[in-house]
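As a plain string of letters, each chain reads:
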Amino acid sequence: MRKFIFMVILFTMLFGVNAYGAVDTNALNNAMLEKINELRSSLGAQPLRIDSSLITVANLRSEEASEAWSHTRPNGEQGVVLIPGNKWKGENLSNVTETDDVAKASEVMFGNLVASPTHYDNMVFDEFTCIGISSFVEGGKITVAYMFSS
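Residues numbered from 1 in each chain as written. Predicted model: local features only at pLDDT ≥ 70, side-chain atom pairs only at ≥ 80, totals over all residues. Heavy atoms only, no water.

**Student:** Can you lay out the sheet that holds strand β3 (residues 130–138) for me, pointing to particular residues and giving the numbers?
**Tutor:** Taken in spatial order, the 4 strands make up an open sheet running β1-β3-β4-β2, and their pairing is mixed. The outermost strands of the open sheet, each flanked by one partner alone, are β1 (49–50) and β2 (89–97). Note: β2 against strand β4 (residues 141–149), 9 bridges, orientation antiparallel. Opposite G90, over in β4, you have F148 as the bridge partner. Across the sheet, helix α2 (residues 25–42) lies against β1, β3 and β4, angled at about 140° from β3, the strand it touches most. The sheet contacts of helix α3 (residues 52–67) involve β1, β2, β3 and β4, and relative to β3 the element is tilted by about 35°. (Pairing = 2+ DSSP bridges. Helix = DSSP H or I, 4+ residues; strand = E, 2+ residues; numbered from the N terminus. Contact = heavy atoms within 4.5 Å. Axes fitted to C-alpha atoms, helices over the stretch in contact; angles between N-to-C directions.)

See the structure below:
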């Protein structure tokens, strides 16, 4: 049994997926953060740092958006109202058909975000200093929420 567990862990580390064929959401979130920070760097903006409170918000928003694709929450409020404090706030959402290929999923979603002027603006806005990213997998799709703040 230990050998099996070791092989699952090794497979996950090497290929960014788990042995059961589902996407490794941590690897996907990290890939998206890397792509966003590379874009920011190319424009002279500082990299975004992960913020645990924004991850908590992104966890909720990725699940909500997987059920109803909208920046409006089920209660009628905008998703950004969940970001605490008097700060700059932004939200991006993306989705892709479920795949176990982290590189492919991140390329498709990042390309779509870059092609959308408002999503692009959130990714490069120099007042944003923090981000929380969360991926939710259900019903054959991966839904990702990106919560930005200062």
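Back to the text.
**Student:** Any details on the pairing of β3? Residues and values, ideally.
**Tutor:** Across the 9 residues that make up β3, a large majority, 7, are buried. Sheet topology places β1 next to β3; 2 bridges connect them, and they run parallel. Residue pairing in the sheet places R49 in a bridge with C130 of β3. Sheet topology note: the β3/β4 ladder contains 9 bridges and is antiparallel. In the sheet register, V137 faces β4, and the bridge partner there is I142. Counted between consecutive antiparallel strands, the loop separating β3 from β4 contains 2 residues, among which G139 sits at a positive phi close to 60°. (Buried < 20%, exposed > 50% of the residue type's maximum accessible area, 1.4 Å probe, protein only.)

**Student:** Please provide a residue-by-residue account of helix α5 (residues 117–124), values included.
**Tutor:** When we look at burial in α5, the residues that qualify are H119, N122, M123 and V124. Buried positions along α5 lie against α2, β2, α4 (102–115) and β4.

**Student:** Any chance you could break down the side chain of S62 for me, citing the residues and the numbers?
**Tutor:** Relative to the elements of secondary structure, S62 occurs in helix α3. Within polar-contact distance, the side chain of S62 engages the backbone oxygen of N59 at 3.1 Å. A distance of 3.4 Å separates the side chain of S62 from the side chain of S134, its partner in a polar contact. Filtering out sequence-adjacent residues up to four positions away, S62 remains in contact with S134, S135, F136, T143, V144 and A145. (Polar contact = N/O pair within 3.5 Å; in protein donor to acceptor, adjacent residues only side chain to side chain.)

**Student:** Any details on the environment of T129? Residues and values, ideally.
**Tutor:** Here T129 shows up in the loop between α5 and β3. Classification of T129 as partly exposed rests on a relative accessible area of 31%. Along the primary structure T129 and D51 are separated by 78 residues, whereas in three dimensions their C-alpha atoms are 9.4 Å apart. With near-sequence residues (within four places) excluded, T129 lies in contact with P47, L48, R49, S149 and S150.

**Student:** I'd love a proper account of α3, names of residues and values included.
**Tutor:** Between the first and last C-alpha of α3 there are 23 Å, a value that for 16 residues agrees with the 22 Å anticipated at 1.5 Å per step. For α3, the complete set of buried residues consists of L54, V57, A58, R61, S62, E64, A65 and S66. The inward-facing, buried residues of α3 abut β2, β3 and β4. (Expected span 1.5 Å × (residues − 1).)

**Student:** Describe the nonpolar core, naming the residues involved and giving the relevant values.
**Tutor:** Within the largest apolar cluster, 23 residues are counted, with the highest numbers of intra-cluster contacts made by L28, M32, M109, M123, I131 and Y146. Looking at this core, the elements that each hand over two or more residues are α2, α4, α5, β3 and β4. In contact with M109, not counting residues within four places along its chain, are L28, M32, S94, N95, V96, V144 and Y146. (Core = buried A, V, L, I, M, F, W, Y, C linked by side-chain atoms within 4.5 Å.)

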